[in-house]
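# Topology and contacts: notes
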Amino acid sequence: MKSQSLISSLNPANEPDSLDSFERAEIDASTKLPVLLFFGSAIFWLLVGSVLGLVSAWKMTHPGLLDGEAWLTFGRLRPAHLNTVIYGWASAAGIGVGIWLTARLCRVVLMHSKLLIAAAIFWNLGVFVGILGILAGDSRSIEWLEFPGYATPILFVSYAFIGIWTIIMFRYRRPGHVYVSQWYLFAAFLWFPWLYATANILLTWQPIQGSAQAAVNWWFAHNVLGLWFAPIGLASAYYMIPKVIGRPVHSYYLSILGFWSLALFYSWNGMHHLIGGPFPAWMVSASVVASIMMFIPVVTVAINHHMTMRGHFGALKWSPTLRFTVFGAMTYTLVSLQGSSMAIPSWNTFIHFTDHTIGHAHLGLYGFFTMIMFGAIYYIVPRLVGWEWPSANMIRWHFWLSAVGISIMVIALTIGGILQGFAFYDPTVSFRSSLDYATPFRIVRGLSGFLLLGGHIVFAVLFTQMVLRIGQIKEGPALFAKPSESQKEGVAV
Amino acid sequence: MNRLPLIFLGVFLTFASSWVGLVAYPYLTLGQMQPLPDEDTGGYFPPSMPGLAVAGQSVYASSGCVYCHSQQVRLAPLSTDIQKGLGPRQTVARDYLRAQPAFLGTMRTGPDLSNIGVRQPDANWHHQHLYEPKTVTDWSVMPSFRFLYKMQKIEGQPSDDAVKGLRGPHAPPPGYEVVPTDDATALVAYLLSLKRNFPLPESPEPKLE
Amino acid sequence: MTAGILLLVSGLVFLSGSALLAFYWAVRDGQFNNLSESAKTIFDADEPVGTPTDRFPSNTRP
């Protein structure tokens with residue numbers, strides 16, 4: 001592939017010239033280093049974040065656990081967990097998937113990989129510095145934006161590199177249709193720097209007064225979900241589901257409609273985190289309305305995925321990617337409908353300030369986004385290293401540990417949160433009683449954390465084996481052979 | 001299919017409008033809010049915070065108190081906050097004017113702190129509680145913040161600011177005392193300043209049945 | 001404070017403007033013309049419609 005300088009790629013005068021056709025394998029191979037860098041980093045942070053989460057969870061029911069040291073106090077471990085899994089695991093995995101998918105959908109070999117490698121280095125540096133800063137006591141205590149001011153510019157530089165790269169790839173893509181996944185990715189990679197810059201400027205560099213901060217805080221945090229994570233997750237699902245089963249999306253028109261209605265309604269949702277709080281009523285009402293209007297894009301996606309999968313659910317037996325992706329896609333529907341219901345004021349009354357919200361957050365970021373990322377990584381990595389995953393059983397272990405783990409966690413926190421909320425509301429019930437309702441469910445949550453950590457360790461081992469080429473020797477690329485009929489029937493679940 | 005372009009156009013404008021509604025508008029209105037003058041004392045509502053309390057905000061942020069404690073009193077009938085004694089009235093935007101940042105919080109693992117300075121006006125109670133919460137409230141799940149304190153040998157007379165009445169496994173042995181660090185002193189000053197019981201015209205005290 | 005507002009408003013104008021441009025381009029380029037064919041662009045001669053492209057790795061040694 002011809003190499004050219006970054007400046008000439010950005011120069012508007014330089015028209016893309018040739019229509020070199022590239023083999024899909026060549027395109028995949030060109031993405032190898034940046035994508036594996038992001039995946040490897042992401043999986044490392046996943047392990048770190050899982051441990052931080054596990055310890056934080058147990059500290060809630062056993063406050064004497066590892067107490068007495070400032071850097072281990074719950075008030076620091078909990079935001080360290082949050083930021084590690086959001087920025088260290090989820091965002092990095094999303095970027096890795098986005099890079100690979102962008103190259104595939106542009107149908108050209110990856111350009112300027114050095115830009116992406118620099119982005120990966122800056123990313124990890126920013127996350128590392130940020131987490132150490134939180135543990136050292138420099139957390140800003142603004143949810144989802146706890147990283148101290150000396151870490152956020154490092155991340156911003158990385159985001160900027162990725163945004164620039166996306167524009168260049170789009171510019172030099174093979175002409176033709178822009179697939180819906182690419183719209184989602186393009187938008188995510190361009191929306192996010194705007195969100196991040198606005199929030200950081202208004203909360204740290206030029207801070208605004210009082211409760212206006214909370215409005216900006218939750219505008220940011222909720223938009224990170226709906227305009228960064230959700231588009232990347234949906235981009236992956238819209239590509240993987242049809243690609244794995246070999247069938248185009250059921251209604252492409254619906255998928256486009258779903259994309260834009262997501263953009264329309266999602267960004268107004270933020271204020272539903274603050275119902276009853278010190279804000280003008282119209283702001284909160286607008287958020288409640290928008291939260292309910294989310295039914296439209298969410299049901300659109302659900303119908304589309306279901307109709308695409310209809311008649312092919314048997315494929316879940318023989319495709320790891322499909323298993324993780326469909327779990328994630330179904331969870332997207334569930335968590336979005338749950339979110340809409342949580343925004344209704346008369347219900348919000350009971351669940352605000354409870355564990356119910358925590359369950360919802362994990363359902364979305366783990367049940368939806370993380371599971372889809374797992375599915376995508378299982379599809380992508382063999383095509384980068386030219387090597388099959390060494391053990392089908394380990395993949396199954398990973399899936400079931402994650403699926404069962406997150407289900408237990410969410411069910412426990414959801415029920416516990418509701419009981420807690422009813423106790424909060426009842427004027428005859430003491431605060432102590434509300435704690436007594438929540439505690440047994442928090443213990444169950446703590447146990448589920450071990451399942452999740454187990455699944456992640458299995459995943460990390462598999463990934464390491466792939467990258468280092470350890471494992472069973474195969475005669476040929478078995479992955480690319482068609483599954484025989486007997487294999488499709490007899491595979492253990 | 002012809003209507004598609006129009007739909008997309010509408011969508012773009014509305015996305016941008018969320019920025020206007022949820023960011024620019026609060027910035028320009030709530031962000032410009034001023035304290036109200038108190039005619040009786042010549043001061044302001046909310047009252048200005050003593051310097052130590054302002055420093056205490058940083059300790060509150062650094063220790064992550066906001067992840068278990070909210071600071072919001074909501075109105076009936078959507079909540080029973082006022083009935084349960086969290087405060088005499090709903091907290092409104094003006095109450096957080098001097099907060100940097102505004103620790104509204106989203107979890108009540110522990111009680112709401114909007115008016116903790118009214119409910120617990122004694123500094124020594126706060127020091128005891130922060131040092132070893134379980135010795136003050138035996139069912140508490142709050143972790144110990146004894147790393148904000150120093151254990152030291154008593155030189156002659158006990159220090160004026162030594163924490164009194166400490167019990168439990170980390171209580172000072174005879175001849176020793178526990179003294180708050182600057183961080184602990186600042187944090188307690190901040191907690192004592194948390195009082196949203198002054199009158200504000202935009203948040204009248206509701207009559208309770 | 002005014003520097004902050006200036007920065008944000010110019011950012012808003014830039015991003016909304018570029019989004020509108022992108023949308024205008026998409027209509028001009030015919031991106032919305034044939035949606036059912038568009039759905040098939042992720043398939044080709046190598047991995048055509050009807051061919052699954054993923055499976056669990058084989059457990060048996062060759």
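## Thoughts on the environment of leucine 135 of chain A
Residues and elements named next belong to chain A.
- Relative to the helices and strands, leucine 135 is located in helix α5 (residues 113-138).
- Note on leucine 135: relative accessible area 14%, which makes it buried.
- When residues no more than four places from it in sequence are discounted, the contact partners of leucine 135 are Trp71, Arg76, Leu77 and Ala80.

## Thoughts on a nonpolar patch on the surface
Residue and element names in this part refer to chain A.
- A contiguous nonpolar patch, built from Val289, Ile292, Met293, Phe295, Ile296, Val299, Ile303, Leu337 and Ile344 and spanning about 670 Å² of accessible area, is present on the exposed surface.
- Within the residue set of the nonpolar patch, elements represented by two or more residues are α10 (281-293) and α11 (295-309).
- Within the fold, phenylalanine 295 resides in helix α11.
- On the basis of relative accessibility, which here comes to 40%, the residue phenylalanine 295 falls in the partly exposed class.

## Observations regarding helix α16 (residues 431-468) of chain A
Residues and elements named next belong to chain A.
- Compared with an ideal rise of 1.5 Å per residue, which puts 38 residues at 56 Å, α16 spans 54 Å between its outermost C-alpha atoms and is within 8% of the ideal.
- At threonine 439, α16 shows its largest kink, close to 30°, and the proline proline 440 lies no more than four residues downstream.
- Downstream of α16 by a residue or two, arginine 469 has a phi angle that is positive, lying close to 60°.

## A word on the pairing of strand β4 (residues 176-180) of chain B
Residue and element names in this part refer to chain B.
- The buried count for β4 comes to four of five residues, which makes it a mostly enclosed element.
- Bridging between strand β3 (residues 149-153) and β4 involves five bridges; their strand directions are antiparallel. The residue bridging methionine 151 from the neighbouring strand is valine 178, located in β4.

## Some words on the interface of chain A and chain B
- At the junction of the two partners, chain A supplies 74 residues and chain B supplies 67 residues.
- When chain A packs against chain B, the two sides together hide about 6300 Å² of surface, and 67% of this comes from carbon and sulfur.
- Between chain A and chain B we count one salt bridge in total.
- Aspartate 67 of chain A is paired through a salt bridge with arginine 146 of chain B; the nearest N and O atoms lie 3.2 Å apart.
- Where chain A meets chain B, there are 15 residue pairs in polar contact (both at pLDDT 80 or more).
- Broken down by element, the residue count for the side of chain A that touches chain B peaks at eight residues, all from helix α8 (residues 212-245) of chain A.
- Along the lines of polarity and charge, the residues of the side of chain A that touches chain B split into 42 nonpolar, 20 polar and twelve charged.

## Section: the packing of aromatic side chains
Residues and elements named next belong to chain A.
- In this structure the tally under the stated criterion is 43 aromatic pairs over all chains.
- Judged by centre distance (4.9 Å) and plane angle (45°), the rings of tyrosine 332 and phenylalanine 368 are tilted. Of the two residues, tyrosine 332 sits in helix α12 (residues 320-342) while phenylalanine 368 sits in helix α14 (residues 355-385), which places them 36 residues apart along the sequence. Here tyrosine 332 and phenylalanine 368 have matching classes, each one buried.
- Between phenylalanine 374 and phenylalanine 459, the ring centres sit 4.8 Å apart and the planes meet at 65°, which makes this aromatic pair edge-to-face.

## Topic: the environment of leucine 452 of chain A
Residue and element names in this part refer to chain A.
- Note that leucine 452 resides in helix α16.
- Here leucine 452 falls in the buried class, since its relative accessible area comes to 7%.
- Separated by 301 residues in the primary sequence, leucine 452 and alanine 151 place their C-alpha atoms 28 Å from one another.
- Residues contacting leucine 452, with those up to four places away along its chain left out, are Tyr366, Leu401, Ser402, Gly405, Ile406 and Met409.

## Side note on unusual backbone geometry
- Note that the residue after alanine 76 of chain B, namely proline 77 of chain B, is joined by a cis bond; omega there is -5°.
- Locating proline 77 of chain B in the fold gives a position in the loop between α2 (51-63) and α3 (116-119).
- Notably, leucine 66 of chain A is not glycine yet its phi reads approximately 50°, a positive angle.
- By the element assignment, leucine 66 of chain A lies in the loop between α3 (32-61) and α4 (74-106).
- Residue classification places leucine 66 of chain A among the partly exposed residues on the basis of a relative accessible area of 45%.

## Describing the environment of proline 320 of chain A
- Among the secondary structure elements, proline 320 of chain A is positioned in helix α12.
- Sequence separation between proline 320 of chain A and phenylalanine 399 of chain A is 79 residues; the distance between their C-alpha atoms is 8.2 Å.
- Setting aside residues no more than four positions away along its own chain, proline 320 of chain A makes contact with Ile395 of chain A together with Asp54, Arg55 and Phe56 of chain C.

## Notes on the nonpolar core
- Counting residues in each nonpolar core, the largest one holds 157 residues, and the members touching the most others are Tyr87, Trp89, Phe220 and Trp228 of chain A.
- Here this core gets 21 residues from one element, more than from any other, and that element is α8 of chain A.
- Once you skip the residues sitting within four places of it in the chain, tryptophan 89 of chain A turns out to touch Ala42, Ile43, Trp45, Leu46, Thr84, Thr370, Met373, Phe374 and Ile377 of chain A.
- In this structure, Ala53, Tyr131, Leu166 and Leu191 of chain B belong to the second largest nonpolar core, which totals 29 residues.

## Let's talk about the pattern of salt bridges
Residue and element names in this part refer to chain A.
- Inspection of every chain in the model, using the stated rule, returns 13 salt bridges over all chains.
- In this structure, glutamate 143 engages arginine 78 in a salt bridge whose closest nitrogen and oxygen atoms are separated by 3.5 Å. With glutamate 143 in the loop between α5 and α6 (152-171) and arginine 78 in helix α4, this residue pair connects regions lying 65 residues apart in the sequence.
- Two residues, arginine 442 and aspartate 355, come together in a salt bridge whose shortest N-O distance is 2.7 Å. Of this pair, arginine 442 sits in helix α16 while aspartate 355 is found in helix α14, placing the two residues 87 residues apart along the sequence. Side by side, arginine 442 and aspartate 355 carry an identical accessibility label, which is buried.

## Some details on the confidence of the model for chain B
- The pLDDT averaged across chain B works out to 86; a share of 89% of its residues lies at or above 70.
- Both scores are given for the predicted complex: the pTM is 0.89, the ipTM 0.86.

## Brief notes about the packing of α3 of chain A against α5 of chain A
Residue and element names in this part refer to chain A.
- Relative orientation of the contacting elements α3 and α5 amounts to 15°, with a least axis distance of 9 Å. In terms of their interaxial angle, α3 and α5 are classed as roughly parallel. Relative to α5, the crossing made by α3 is left-handed. Of the residues in α5, those in contact with Leu33, Pro34, Leu37, Phe38, Ser41 and Trp45 of α3 are Ser113, Leu116, Ile117, Ala119, Ala120, Trp123, Asn124, Val127, Phe128 and Ile131.

About the thresholds
Residues numbered from 1 in each chain as written. Chains lettered and ligands numbered in written order. Predicted model: local features only at pLDDT ≥ 70, side-chain atom pairs only at ≥ 80, totals over all residues. Heavy atoms only, no water. Helix = DSSP H or I, 4+ residues; strand = E, 2+ residues; numbered from the N terminus. Buried < 20%, exposed > 50% of the residue type's maximum accessible area, 1.4 Å probe, protein only. Contact = heavy atoms within 4.5 Å. Patch = residues over 30% accessible without salt bridge, like charges linked within 9 Å, V, L, I, M, F, W, Y side chains within 5 Å. Areas by Shrake-Rupley, 256 points an atom, 1.4 Å probe, with all protein chains shown as cover. Salt bridge = Lys/Arg side-chain N within 4 Å of Asp/Glu carboxyl O. Expected span 1.5 Å × (residues − 1). Bend = angle between axes of the 7 residues up to and from the residue. Pairing = 2+ DSSP bridges. Buried area = accessible area lost by both parts, 1.4 Å probe. Polar contact = N/O pair within 3.5 Å; in protein donor to acceptor, adjacent residues only side chain to side chain. Nonpolar A, V, L, I, M, F, W, Y, C, P; charged D, E, K, R; others polar. Phe/Tyr/Trp six-rings, centres within 6.5 Å; stacked < 30°, edge-to-face > 60°. Core = buried A, V, L, I, M, F, W, Y, C linked by side-chain atoms within 4.5 Å. pLDDT = per-residue confidence, 0-100. Axes fitted to C-alpha atoms, helices over the stretch in contact; angles between N-to-C directions. Parallel < 35°, antiparallel > 145°, perpendicular 65-115°, else oblique. Left-handed = near helix turned anticlockwise from the far one by under 90°.

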